[in-house]
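Coordinates in review
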Amino acid sequence: MAETLIYSSSLIYNHWQVYFAATNNGLCFLGTHHSSFDDLEKWCKKQFPNARIIEDRSRLLQYEKELVEYFEGKRNHFSFPFDIRGTKFQMDVWKVLNEIPYGQTKCYSDIAKMIGNPKAVRAVGTAIGRNPLSIVIPCHRVLGKNGTLTGYSGGLDVKEMLLQHEGIPFK
């Protein structure tokens, strides 16, 4: 099996901090404030067992540029490709998450209905928690049925910051 090169970097911009990585095919990991380079490395090696991770900011400038534009309020969606791995169910959930427009929200049961499996609300929550591209695949736009702040693998404080950044009201 051929080796997969994964390029990694981190970005601190104003009060935002992210760790991110990409293969030659697209972004494969993005973690926020409560993640670390170790989390990035563990995720990448699990998803790409033959990975070699190289810190190389110059290879990730396209991603960094779009993230900065998002943090500055100049971008409300991302145009770069993804290279993510998951089960069919996870990929279906992540695809639907990626379709939630900037500044809008859905609840877990909405996502379950959108993937054609309305009874899979708990499984949807689990899949959302495994989203490898925090911010970019906007799992922060999923709230409880009554508009309440619910779990977020990146930390509820980060979810709160992202919702405020996008002008999304929550309880």
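Structure's up top.
A short tour of the structure in this document, coming up. None of the values given here were measured: they were computed from a predicted structure. (Residues numbered from 1 in each chain as written. Predicted model: local features only at pLDDT ≥ 70, side-chain atom pairs only at ≥ 80, totals over all residues. Heavy atoms only, no water.)

1. Topic: the overall build of the chain
Counting its regular elements, the chain contains 6 helices and 6 strands. The C-alpha radius of gyration of the chain comes to 16 Å, within 12% of the 16 Å expected for a compact globule of 171 residues. Dimensions of the chain, computed from the C-alpha atoms along their principal axes, are close to 45 × 35 × 25 Å. For the chain, the proportion of its 171 residues judged to be buried stands at 50%. For the chain, restricting intrachain contacts to residue pairs at least 6 apart in sequence, the fraction spanning at least 24 positions comes to 56%. (Helix = DSSP H or I, 4+ residues; strand = E, 2+ residues; numbered from the N terminus. Rg over C-alpha atoms; globule rule 2.2 N^0.38 Å. Buried < 20%, exposed > 50% of the residue type's maximum accessible area, 1.4 Å probe, protein only. Contact = heavy atoms within 4.5 Å.)

2. Observations regarding the sheet that holds strand E2 (residues 16–23)
Across the sheet, 4 strands lie side by side as E3-E2-E1-E4; this open sheet has mixed pairing. Each edge of the sheet is formed by a strand with only one pairing partner; in this case those strands are strand E3 (26–31) and strand E4 (51–55). Taken over all neighbouring pairs, the strand axes of this sheet differ in orientation by 25° on average, direction set aside. Relative to E3, E2 runs antiparallel, the two being bridged by 5 bridges. Bridging across to E3, Ala22 finds its partner in Leu27. Strand contacts of helix H1 (residues 37–47): strand E1 (4–13), E2, E3 and E4, with the helix running at about 150° to E4, the strand carrying the most contacts. Here helix H2 (residues 61–71) sits on the sheet and contacts E1, E2 and E3; the angle it forms with E2, its principal contact strand, is near 150°. (Pairing = 2+ DSSP bridges. Axes fitted to C-alpha atoms, helices over the stretch in contact; angles between N-to-C directions.)

3. Describing the environment of Cys107
Tracing the chain through its elements places Cys107 in strand E5 (residues 106–107). Residue classification places Cys107 among the buried positions, given a relative accessible area of 9%. With 36 residues separating them along the chain, Cys107 and Leu143 place their C-alpha atoms 5.0 Å apart. Contact partners of Cys107, with chain neighbours within four places excluded, come to Val142, Leu143, Gly144 and Lys145.

4. Here's the deal with the environment of Ser58
Residue position: Ser58 is located in the loop between E4 and H2. C-alpha separation for the pair Ser58 and Ser8, spaced 50 residues apart in sequence, amounts to 9.7 Å. In this structure the side chain of Ser58 is engaged in a polar contact, spanning 2.5 Å, whose partner is the side chain of Asp56. (Polar contact = N/O pair within 3.5 Å; in protein donor to acceptor, adjacent residues only side chain to side chain.)

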